[in-house]
Amino acid sequence: MKIIVAGGDGFCGWPTALYLSQKGHDISIVDSMVRRHIDEELGSNSLTPIATLEERVAKWKELTGKEIRTYEGDLQDFDFLKMVLEKEQPEAFVHYAEQRSAPYSMIDREHAIYTQVNNVVGTLNVLYGIKDIVPNCHLIKLGTMGEYGTPNIPIEEGYLDIEHKGRKDRLPFPKQPGSYYHLSKVHDSHNIMFACRVWGIRATDLNQGVVYGLSTNETSLDPILANRLDYDSVFGTALNRFIIQAAIGHDLTVYGKGGQTRGFLNIEDTVRCIEIAAENPADVGEFRVFNQFTEEFSVTELAQMVKEAAAKVGLSVNIAHLENPRVEKEEHFYEATNTSLLDLGLKPHLLTEDVIGSILKTAVDHKDRVIKENVLPTVTWK
Ligand code: NAD
Ligand code: USQ
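Residues numbered from 1 in each chain as written. Chains lettered and ligands numbered in written order. Predicted model: local features only at pLDDT ≥ 70, side-chain atom pairs only at ≥ 80, totals over all residues.

**Comments concerning the sheet that holds strand S11 (residues 261–266)**
Condition: Two strands pair under a simple rule: DSSP has to find at least two bridges between them. In this text, helices come from DSSP runs of H or I with a minimum length of four residues, and strands from runs of E with a minimum of two, each type numbered from the N-terminal end. For every element, the axis is a line fit to its C-alpha atoms; helices are fit only across the contacting stretch, and the angle between N-to-C directions ranges from 0 to 180 degrees. Once C-beta atoms have been placed from the backbone, residue pairs whose C-beta atoms lie within 7 Å are recorded as contacts.
Pairing in this open sheet of 3 strands is mixed, and the strands run S9-S11-S13 from one edge to the other. Edge strands, defined here as strands with exactly one partner in the open sheet, are strand S9 (210–212) and strand S13 (295–298). Strand-to-strand twist in this sheet, taken as the mean axis angle between neighbours without regard to direction, amounts to 45 degrees. Running over the sheet, helix H9 (residues 267–279) touches S9 and S11 and is turned about 80 degrees from S11.

**Here's the deal with the site of ligand 2**
Note the threshold: By definition, a residue lies near a molecule or strand when the C-beta atom built from its backbone is within 6 Å of it. Put simply, Ala, Val, Leu, Ile, Met, Phe, Trp, Tyr, Cys and Pro go in the nonpolar bin, Asp, Glu, Lys and Arg in the charged bin, and everything else, Gly too, in the polar bin.
Of all residues adjacent to ligand 2, which total 21 residues, the nearest are Thr 144, Met 145, Gly 146, Thr 237 and Gln 260. For the shell around ligand 2, the elements supplying multiple residues, two or more each, are helix H8 (238–248), strand S10 (252–255) and S11. Tallied by class, residues from the shell around ligand 2 come to 7 nonpolar, 9 polar and 5 charged.

**Quick notes on the sheet that holds strand S3 (residues 69–72)**
The sheet built from 7 strands is open, its strands ordered S3-S2-S1-S4-S5-S8-S12 with parallel pairing. Bordering the open sheet on either side are S3 and strand S12 (287–292), each of which pairs with just one other strand. Across this sheet, the average inter-strand angle for adjacent strands is 20 degrees, counted without regard to direction. In the packing of helix H6 (residues 109–133) onto the sheet, the strands contacted are strand S4 (92–95) and strand S5 (138–144), and the crossing angle to S4 comes to about 180 degrees.

**What to know about the environment of Ser 233**
Structurally, the position occupied by Ser 233 is in the loop between S9 and H8. Non-local contacts of Ser 233, meaning those with residues more than four positions away in its chain, are made with Pro 103, Asn 374, Val 375, Leu 376, Pro 377 and Thr 378.

**A closer look at H8**
Condition: Around each residue's C-beta, the other C-beta atoms within 10 Å are counted; 20 or more make the residue buried, 12 or fewer make it exposed, and counts in between make it partly exposed. All C-beta atoms are placed from the backbone.
By the criterion of burial, H8 is predominantly enclosed, with 10 of the 11 residues buried. In this structure, the buried side of H8 is in contact with S9, S10, S11, helix H10 (299–312) and helix H12 (353–365). At the exit of H8 stands Gly 249, carrying a positive phi of roughly 75 degrees.

**Description of the UniProt feature "domain: NAD-dependent epimerase/dehydratase" (unreviewed entry) in the protein**
What counts here: UniProt positions are given in the numbering used here, feature names are shortened, and annotations may be inferred rather than shown by experiment.
As annotated by UniProt and renumbered to match this structure, "domain: NAD-dependent epimerase/dehydratase" (unreviewed entry) occupies residues 3–291. Secondary structure content for residues 3–291 is 40% helix and 21% strand, and the end C-alpha separation is 22 Å.

**Quick word on helix H7 (residues 180–199)**
Counting along an α-helix, one turn takes 3.6 residues, and residues three or four places apart therefore face a common direction. Put simply, the rule reads: For a helix, the expected span equals 1.5 Å multiplied by the residue count minus one.
Given a rise of 1.5 Å per residue, 20 residues ought to cover 28 Å, and the 28 Å separating the end C-alpha atoms of H7 matches this to within 8%. Here the buried face of H7 lies against helix H5 (102–105), H6, S5, strand S8 (202–208) and S12. Two residues or fewer after H7 comes Gly 200, characterised by a positive phi angle close to 80 degrees.

**Describing the site of ligand 1**
Taken together, 27 residues lie near ligand 1, and Gly 7, Gly 10, Cys 12, Ala 97 and Arg 100 sit nearest. Counting only elements with at least two residues in the shell around ligand 1, the list comes to helix H2 (34–42), H6, S5 and S9. Taken together, the residues of the shell around ligand 1 break down into 10 nonpolar, 11 polar and 6 charged.

Now the structure itself:
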């Protein structure tokens, strides 16, 4: 298939582009490089050294003979996007290209507005681009489990069958997101659902949980193909952050009581879920929603697992309960459905001590690159 991976220079996008290319798909990457600029803005870095996108695709071609075309530009620029779609005529458009950090979106008014404009306008352009240029193209859009928040009922995959005053309907599952970033994904979902209904676009919204790990078979082939690994308090996510904290002897930063429970998945499953969605496209006019995670953990459980895995390699780690910089429930019910991708063939890579151990090894190898001032949270929700 001809597939565009937008956001293909990022943490999820780069391994996805390589994986799909390895599987024989014809891949092009679209990316504005804004994530690398945000590193400069925040005085932050990837734990792993990352090559430029040009170096990455050149190395991939050298090692495998497979070409990945690249387009540097912003999805907010419709003329640019139109040019790419006209040239590539993709059958699937994998859309990762958004500002994805909740803390970044909560820094101040400017960052909230940047996040929502970047994400909502970029996605609207993609919808118009598909409608006008490649109407049969399947949009595979990365949403987030955080769109649902933490309701006191089980979370379904996108829709809820309800009976109200004697009448029944299947309606979008209620959304109670916890940051301006997570809200941007809700706005996207509504816009995509509308475009499917009105224009007959085919779309899959993948409500992904928190991704951990960094390596796939493809990124491990050469250091030039290495994936980025965020550990700072703005872009680093729970489990990866704890593992890197263990590597540098920092207390594990559990926020508040630590009962916050989320869906998690290994980056190796992220890439496979995209392949599954691409090979099983949504129908014309269908707005299909899959919950993309494999296991649920509370942050305290994760911290405990990291502490135990670190002890096995002689690293002694403390678990700290910091004052929570976010406004969120710290003890709550959480039970989410995730059967659609499993039914389509996903075989999860589950979280084990060995998995934590291998990420920990990478973290220890690069621990001198950690900017320690970036580890503790500085952005607060209030
Ligand atoms: P990332 O920041 O590493 O990558 C995003 C990429 O998109 C970057 O390379 C950035 O330069 C690019 N980009 C951003 N805005 C753009 C624009 N307007 N035009 C062109 N390129 C643009 O993020 P990630 O962790 O790879 O996340 C990818 C997607 O998956 C995001 O949409 C995110 O919301 C979603 N997601 C991520 C996680 C996670 O744990 N990392 C979990 C659930 C969902
Ligand atoms: N947390 C800690 N300590 C830390 C970091 C986080 O206790 O050092 C807690 C947070 O308070 C939160 C939970 O862990 O309760 C998850 O936080 P996170 O930073 O790992 O993830 P989140 O902000 O939700 O965002 C990440 C990605 C985002 C994606 C989302 C999936 O950055 O792009 O959409 O995970 S989900 O969480 O399912 O919405």
